[in-house]
Every structure is written in structure tokens, then in C-alpha cells.
Amino acid sequence: MRYIRPQSMEDAVGLLAGAAGPAAILAGGSDLLVRMKGGFVEPELIVDIKAIQGLSDITETADGFRIGAAVPCAVLGENAALKKAWPGVVEAAKLIGSKQVQGRCTIVGNLCNASPAADSVPALVAASAKAVVAGPAGKRTVAVEAVPTGPGRTSLAKGEIIEAILLDKRPPHAGDAYQRFIPRTEMDIAVVSAGVNLTLDDNGVVKSARVALGAVAATVLLVEEAAEVLVGSKLDEATLERLAKVCSGACRPIDDKRGTIEFRRKVAGVLAKRVATTAYERAGGK
């Protein structure tokens, strides 16, 4: 096994593209090292990206925020500007693992691990986040929801690395939120999760919305019909009931030891109502 800590993205891409055997990227390592210890993966090459300039930084620009691939989730919660602009994204990231894990894990690693139950992904999808992908052919920017293609699988080609996540600048009267259901009080995997992002007009009417559900399909679901239910409303009870019905109907869950299909569909609707209400309040709705 080779461990290499490149100083540039070009070197990292070159190492991964030229690897003859299995290769892995190390940022936080909270998924990779566990999988290695369990014998699930045995990479011949590990590329540690933490020394690459900019990948451990959160940068606020005129267009929004750029979050480097090696930024630990604990750091997201310490950035006051990001927390104010995108509280749902931050609260989702802060649910990944324990306090100790928070100091290492990253939202890019959480995305690329491609678990249907990943906490940060529904919130990022709801936020219309984009991923900056560097690879042998250059750089491209894709929607976050286009990265996972199934459990443990992504759309990234050989040699490609996500170097940053982009979040747009917040318009006025906007808010987002994220919640999950777990059997325990903390440090568990989501049985169902939901992220909602809303923008209101000056009268408190929803003018745009995005609703994302996690752990109810092979990948995070962006439920466009649910967003359509919210647009044009002030989140009255009838609207919230329609939202719950649409979200429950959109689910494609499985039965397993953590929850039944029926249970997951029911909880998806309940969480969607709660999260939409929180997002609406954060946007200034009354």
C-alpha cells in the first residue's frame, strides 16, 4: 500500500488516474479507515488531499460559499456566516457521527460514500448545492444529486476528485432546515430524513421550494411534486397535509431491521411537514 500526500490538485488527479489497482481518497477518513479496518476495501494507493491549498477552507464570495473537500464538519458549525445563511446544511453536517468524528469527517466524504442515509446529502440537495469536480479532462461543476448513483456508487470517473461544494448566496426571505428519524438519541443512521429549502415573497408566500428525502430510496430523492405543493402557499395545515401525502407517496423504501416500508413512508410525511415549517419560520414566514 502506498500513502501519498500531494501538494496540488493536478498531482492528486494524476496519481488517481494513473493508479493500476484500487485507489482511495483520504480527507477525514471517517468512512475510509473504518472500511479498511473491516476488510471491506484494500486500496493499493491512498491519496491524502488535506495538504492541497484551499481544500481546508470555507470561502465566502459575492456568489455564496465555497466549502473545500477537506473541511471538517465541526468547522462548518464554527463559521457564523455559513451557519446564518444555510442553517439546514450546517445542522445536517453536525449530525454525522460523534463529537470526535466531527473533527475529521467532511460533507464531501459523506457525499462520495454514497449512502442513501447520508445526513448531509438531503440538505445539500435541498439547497441546490453544486460539486466542483477536478479530473484528467479538467474541471466541471455538477449538481450534488448527480453524484451518488446508488448505494456505495458515484458518477465520478477514474481520476476525478470533488474539490469543493458550492452554495449560492441567500436571497431575502429564504430559509432551510433538516431533520432525521433515528432509533437512538444520537450517533445513529437515519431511518428517514428530510431537507427543505424555501424562498418567500414579501407577503410570506412561498415562491420557490426544494424538498429532498433521504434513506427512502437507493439515492436521495428530490421530490419536485412536493415543492409544487408548497409554492403559492403560506404553509397552512391543508398544504402541509398535502405535502406529507406527496412525500409519503414518493418514497421507494425497503423493509429491513431498522424500519418497514410502511413506517418509512409515514415518517417521511411527518418529517417533511416539520422541516417545511422550520424552514418557513427561518425564512421569516408567520
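In short, a report on the structure. (Residues numbered from 1 in each chain as written. Predicted model: local features only at pLDDT ≥ 70, side-chain atom pairs only at ≥ 80, totals over all residues. Heavy atoms only, no water.)

## Here's the deal with helix 10 (residues 237–250)
Look at helix 10: 20 Å from first C-alpha to last across 14 residues, which is about the 20 Å you get at 1.5 Å a residue. Among the residues of helix 10, the N-terminal cap falls to D236, whose side-chain oxygen and the backbone nitrogen of A238 are separated by 3.1 Å. (Helix = DSSP H or I, 4+ residues; strand = E, 2+ residues; numbered from the N terminus. Expected span 1.5 Å × (residues − 1). Polar contact = N/O pair within 3.5 Å; in protein donor to acceptor, adjacent residues only side chain to side chain.)

## Focus on helix 11 (residues 261–282)
Taking 1.5 Å per residue, 22 residues should reach 32 Å; helix 11 reaches 31 Å between its end C-alpha atoms and fits that length. R264, V267, A268, G269, L271, A272, V275, A276, A279 and Y280 are the residues of helix 11 that are buried. Taken from the residues just after helix 11, G284 is the one with a positive phi, measuring 100°. (Buried < 20%, exposed > 50% of the residue type's maximum accessible area, 1.4 Å probe, protein only.)

## Regarding the packing of helix 10 against helix 11
Running from N to C, helix 10 and helix 11 cross one another at 140°; their axes reach a closest spacing of 8 Å. In terms of their interaxial angle, helix 10 and helix 11 are classed as oblique. Crossing hand, helix 10 versus helix 11: right-handed. Within the contact between the two elements, helix 10 uses E237, L240, E241, L243, A244, C247 and S248 and helix 11 uses R265, K266, A268, G269, A272, K273, A276 and T277. Residues of the contact of helix 10 with helix 11, tallied by class, amount to seven nonpolar, three polar and five charged. (Axes fitted to C-alpha atoms, helices over the stretch in contact; angles between N-to-C directions. Parallel < 35°, antiparallel > 145°, perpendicular 65-115°, else oblique. Left-handed = near helix turned anticlockwise from the far one by under 90°. Contact = heavy atoms within 4.5 Å. Nonpolar A, V, L, I, M, F, W, Y, C, P; charged D, E, K, R; others polar.)

## A look at the packing of aromatic side chains
Following the criterion strictly, the structure yields one aromatic pair and no others. Their ring planes at 70° and their centres at 5.4 Å tell us that F181 and F263 sit as a pair that is edge-to-face. Here the residue F181 occupies a position in strand 11 (residues 174–181), and F263 occupies one in helix 11, the gap between them amounting to 82 residues. The class for F181 is partly exposed, based on a relative accessible area of 31%. When the ring centre of W86 is taken as reference, the NZ or CZ atom of R170 above it lies at 3.6 Å. (Phe/Tyr/Trp six-rings, centres within 6.5 Å; stacked < 30°, edge-to-face > 60°. Lys NZ or Arg CZ within 6 Å of the ring centre and 35° of its normal.)

## Thoughts on the sheet that holds strand 14 (residues 221–222)
An order of 11-12-13-14 is seen for the four strands of this open sheet, with the pairing classed as antiparallel. Pairing within the sheet leaves two strands with one partner each, and these edge strands are strand 11 and strand 14. As paired strands, strand 11 and strand 12 (residues 192–200) are joined by eight bridges and run antiparallel to one another. Residue pairing across strands places Y178 opposite G195, the latter belonging to strand 12. Along the sheet, helix 11 contacts strand 11, strand 12 and strand 13 (206–214); its crossing angle with strand 11, the most-contacted strand, is approximately 150°. (Pairing = 2+ DSSP bridges.)

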